[in-house]
Structure formats: C-alpha cells, structure tokens
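A structural walkthrough
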Amino acid sequence: MLAIEEAAGLANRIRPVVQVLGGRFMTSPELAAVEAEVGLPPRSLYVRGRSAVLGDVPPKVAAELFGIFPHWLFDFVLPPATAALDAPAAVRVYAESSARWSRVSLSAAPEPGRLAELLFRVVDTADASGLALFAGWKNASRPEGDAERLGFALMVFRELRGGLHFAALRAVGLSVPEAVVADPEGGRERLLRTAWPAEAADELVASAARKPDLRERWHRAEALTDERVGELLTSALTEPERAEFGRRLAELAEFAQVPALPRG
C-alpha cells in the first residue's frame, strides 16, 4: 500500500513536466513550419494530425475525443484539413513536427534516450482499451533519435494521462468543461483561450457553479488519475527505476524551465 501511495505522489509530481513538455510542440514554431510546408491552414495540423492516428475522424467525434474545445471549431477546421491531407500523411507530419521541436528543444537535455526508454516502458505496459487517442499514438511508428524519441514519448504519456483523467472525470460526474472551470489552472480564461466565445464561456461557468460540490469532485478526479498512473508506474518500473524516473523528469523540468503548476 505504501508503494502505491508513493507512486501516486510521484504521478502528481511529474504531471507538470509531462503535461507541459508533452504538448509544447503542438503550438510550436516547428509545427507551424511543417503545417505551412504541407499546405494546411494555420492552426489546423494539431486538430488533423492528432486525430488522424484514428483515421478520418468525423468532426463531431473528434470534438468528443479532444474534450476541451467547442464543437464548432472542429466543424470549421477539420473538413478542409482532411481534404488536404490523408490520415497516414497527417500522422507522419504531426510526428515530424514533434521530432523537429524535440531536436531544437531536447537534444541538450541530460541523457534523453534513457528517459525515453523509461517513458516507453510505462506506455507499453498500459492497457489502452477505452483510451482512443492514447491507443492510436501508443501503436504509432516511433522515431529513432534520442531527442526525438523523448519528445514523442512525452506526447504519448500525456495522451495516456489525459485519457485516464477523462475517465476519472466521468466517474465523478464531471464533464471536461466543468473540470476546466473547477481547475485552479483553468477557469473562464482558459475557456476563452480554447476558442469558447465569451457568452458560451459564461454559460459554462454558470452551469458548473450550480454543482455545489464541483471543486470536491474535481479533486477526486485528480486523485483517481494520480492513483491509476501510480499503479501503472509500480507495474512498469522497479522501485529504483521509479526513483530514477522521477529524478530524470525533475532534471528535464529544470532544463526546460517548466514551472511547478499550482494545485488548489
């Protein structure tokens, strides 16, 4: 029991670096450059590439998979991006944008190959059933270089945690937008940053506020997510490897100047 609790604590501590660095390439200049090279409109490769690992996903389904964005965004962005780039090509160029960002941002990180190895060990141990985006990227082709593998591994681990967190939210009766409202790192401003119009954001905030135990449910979902990730860490890594894993991710956070994210 103590090992599980310690692993859940480790899962909580590594969340910021995995969340930030696993997704930083998604808004990077490297992704924008790849996007322009293949003729996609600005800010569409993230939507097309991330979902294309599951094939030609309809906009309404993609919106449900991503969770945090309004449905109109997918109706607007995904059809022309799908017409411009078939699914296998979209997966390749999305992965290429991760690889380019990784070469720029992670090549000088301490022993990137070793941390990638540990991340992939966890990823490969995880049961992907019911976690669609994670299942797709877990089984996608992986790059060869150490820095590129680290960036890719961080992205896939992020998909794993995200899928587990969405499941935990449903278990406690919260939608993703409600969780965004409850999250101290989220709230109305994050809704606005993720394409929700002001009026819709205000409606979501008001609706979430009608749940008197909103914040308590969110805390339970966070704890459930950490517990599930912690169990996975104990299954995939030995105790010394878990210590090494935590140390290497802390070193990476310091190297990449990832701030500790507040919890509330």
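The coordinates are above.
Here goes a summary of the coordinates provided.

Calculation rules
- Residues numbered from 1 in each chain as written.
- Predicted model: local features only at pLDDT ≥ 70, side-chain atom pairs only at ≥ 80, totals over all residues.
- Heavy atoms only, no water.
- Helix = DSSP H or I, 4+ residues; strand = E, 2+ residues; numbered from the N terminus.
- Buried < 20%, exposed > 50% of the residue type's maximum accessible area, 1.4 Å probe, protein only.
- Lys, Arg positive; Asp, Glu negative; His and termini not counted.
- Salt bridge = Lys/Arg side-chain N within 4 Å of Asp/Glu carboxyl O.
- Phe/Tyr/Trp six-rings, centres within 6.5 Å; stacked < 30°, edge-to-face > 60°.
- Expected span 1.5 Å × (residues − 1).
- Bend = angle between axes of the 7 residues up to and from the residue.

A look at the side chain of Lys-138
By the element assignment, Lys-138 lies in helix α8 (residues 132-138). Look at Lys-138: it is buried, it has no salt bridge, and the nearest opposite charge is Asp-124 at 5.6 Å.

Observations regarding the packing of aromatic side chains
Applying the stated criterion across every chain, the model contains nine aromatic pairs. Aromatic side chains Tyr-46 and Phe-66 sit 5.4 Å apart centroid to centroid with 80° between the ring planes, which places their arrangement in the edge-to-face category. A residue pair is termed long-range when its members are at least 10 positions apart, and Tyr-46 in helix α3 (residues 45-52) and Phe-66 in helix α4 (residues 59-66) qualify at 20 residues. Here the aromatic rings of Tyr-46 and Phe-69 are separated by 6.1 Å at their centres, their planes lie at 70°, and the arrangement is edge-to-face. Here Tyr-46 is found in helix α3, whereas its partner Phe-69 is found in the loop between α4 and α5 (71-84), with 23 residues between them in sequence.

Observations concerning unusual backbone geometry
Within the chain, Arg-43 stands out as a residue other than glycine whose phi angle is a positive 65°. Looking at the element boundaries, Arg-43 is found in the loop between α2 (29-37) and α3. Within the chain, Ala-195 stands out as a residue other than glycine whose phi angle is a positive 80°. The exposure class of Ala-195 is partly exposed, given its relative accessible area of 24%.

Section: α5
Because an α-helix packs 3.6 residues into every turn, residues spaced three or four apart end up facing the same way. Its 14 residues place the ends of α5 21 Å apart at the C-alpha level, agreeing with the 20 Å of an ideal helix rising 1.5 Å per residue. Helix geometry: α5 is bent most strongly at Leu-78, by close to 30°, with proline Pro-79 lying one to four residues after it. Among all positions of α5, only Leu-73, Phe-74, Val-77, Leu-78 and Ala-81 are buried.

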